[in-house]
Amino acid sequence: MDSNRLWSPAFINYGISSGIIYMTQYVLVAALPIVITSDLRGSDLDAGLAMTYFQIGTIICRLFAGRLIDGFNKRIVLLISTALFFIIMGLFNFTTSLDAIFVLRGLHGVVFALGTTVMSALAVLVLPPSRKGEGINMFAIFSNVAMVLGPAIGLYALSSYGSMALYIFLTAMTGLAMLLSNVIPLSKELALPKPSKRKGWHISQFIESKSLPWALMGLFIGFTYSGVLVFIPIELNSMGAGIWGSAFFAIFALMIIISRPVVGRVYARYGSKFIIYPGLGLFILGLFGLGLATTPRAIILTAPLLGLGYGAAQPAFQALAIQSAPIERAGVSTATYFLALDISVGAGSVILALLASALGYQYLYIITALVMVVALGLYHVWIKKYTPLEM
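All figures in this text were calculated on a predicted structure; none of them were measured in a lab. Note that residues are indexed from 1 along each chain, following the sequence as it is written. Whole-chain, interface and lining totals are the exception, using all residues; otherwise, since this is a predicted model, local features are given only for residues with pLDDT of at least 70 and side-chain atom pairs are given and counted only at 80 or more. Hydrogens are left out, water is left out, and the side-chain values use all remaining heavy atoms of the structure.

### A short note on the overall build of the protein chain
Segments assigned H or I by DSSP are reported as helices when at least four residues long, segments assigned E as strands when at least two residues long, and all are numbered from the N terminus. Per the secondary structure count, the protein chain includes 14 helices and 0 strands. Sequence-ordered secondary structure for the protein chain, helices as α and strands as β, is α-α-α-α-α-α-α-α-α-α-α-α-α-α. We compute the radius of gyration over the C-alpha atoms and compare it with the globule rule, which gives 2.2 Å times the number of residues raised to the power 0.38. Computed over its C-alpha atoms, the radius of gyration of the protein chain comes to 20 Å, within 12% of the 21 Å expected for a compact globule of 391 residues. The C-alpha extent of the protein chain, read off along each of the three principal axes, is 55 × 50 × 40 Å. A total of 391 residues make up the protein chain; the buried ones form 52% of that total. Here, residues are in contact when the closest pair of their heavy atoms is within 4.5 Å. Relative to all contacts within the protein chain whose residues are 6 or more apart in sequence, the contacts with residues 24 or more apart total 86%. Per element, the accessible surface of the protein chain, about 16,800 Å² overall, is 71% carbon and sulfur. When accessible area is computed with a 1.4 Å probe and restricted to protein chains, residues below 20% of their type maximum are described as buried, those above 50% as exposed, and intermediate ones as partly exposed. Only the protein chains shown count as cover for residues, with accessible areas throughout obtained via the Shrake-Rupley method and a probe of 1.4 Å.

### Regarding the packing of helix α10 (residues 273-292) against helix α12 (residues 303-323)
To obtain each axis, a line is fitted to C-alpha atoms, and for helices this fit is confined to the stretch in contact; angles are then taken between N-to-C directions over 0 to 180 degrees. Remark: α10 packs on α12, axes separated minimally by 7 Å, with the N-to-C direction vectors making an angle of 140°. Taken together, the axes of α10 and α12 are oblique relative to one another. Crossing of α10 over α12 shows left-handed handedness. Mapping the contact onto sequence places I275, I276, G279, L280, L282, F283, L285, G286, L287 and L290 in α10 and L305, L306, L308, G309, Y310, A312, A313, A316, F317 and L320 in α12. The scheme is simple: roughly parallel for angles under 35 degrees, roughly antiparallel for over 145, roughly perpendicular for 65 to 115, oblique for anything else. Crossing handedness: left-handed means the near helix sits turned counterclockwise from the far one by under a right angle, and right-handed means the same turn made clockwise.

### Some thoughts on the packing of α12 against helix α13 (residues 330-359)
Running from N to C, α12 and α13 cross one another at 145°; their axes reach a closest spacing of 8 Å. Judged by the sense of rotation from one axis to the other, the crossing of α12 with α13 is right-handed. Taken together, the residues of α13 that come into contact with α12 (itself represented by Q314, F317, Q318, A321 and I322) are S333, T334, Y337, F338 and L341. Three residue categories are used. Nonpolar comprises Ala, Val, Leu, Ile, Met, Phe, Trp, Tyr, Cys and Pro, charged comprises Asp, Glu, Lys and Arg, and polar comprises the others, including Gly. Grouping the constituent residues of the contact of α12 with α13 by class yields 6 nonpolar, 4 polar and no charged.

Okay, structure coming up:
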């Protein structure tokens, strides 16, 4: 009975710790632009650069995260990454300049990528073999909760207590994540690296080729999601309904959380295609809905469709990317998928910004919907055949 247990203490602790790390990021995404423009007298460009430096750090680290995780003792990698995350978060308490913010955000991106990748890989390793797909889907709940709580906590703490109190709170929370993630013992069989057949440096040490089809699907959905993430608040603000942005993303994330147990069970019982087809279909409908929406209320009504669709398809692609590779390659396969997701979100926000400037928001969303139609067709005729054997 216990050998098939999904919610083990290790899985729960890694999930809570990962959720805390994601929460700090969502808090800073919401609050740091206000700190930069108000407290540090920076510009909107400076606020954007803080996110750019974070994204650069994340993408660079993803390339090496898999090799580090699979090539060294995973407990040591986990301890170092969580300790560095705690230290860097603590240093935010002493920032008095934009340059310091930029440097810390770059370092923040590096340790965020390493910490979240190693926790995801360890969560996969402690799952029973027959429940890995379901477990990976359930693990996403923790980051989804962070998506809901992070912006609300960040804006409330900043407006009520100021940036210093916000940084102290985040430092304490990252300390808790460090404690929770490292207190659970991990067997040597899971912690120590497996002997590598290939010596020296090789692309396979950084990229898992068997995960690439699913990383490609992640690239598509991350690209289109970046348009929702970046331009929904801007569009609502241009309509004089900026406050509705929080409601949109709260509904978006809550739909993911509410549907997660059902999605996980369907994935485990019937297979990934019963999640991916309806998930992509709902996401495409939501994007087309945004393309037709001309009022704040109409935009809000698309949030459930987008949340259900994204929350079903994206974790399924992640699970398949990991399940496609040998278990000893869990770190590299996880990093491969997240690297594609990070690149697509970063590049998407730039490319779609150019489209929004040239064509407007409604045409932007129609184009992203068509991009996802192409992705659905690609999955149906080609990617689906790479689905690993599902138990």
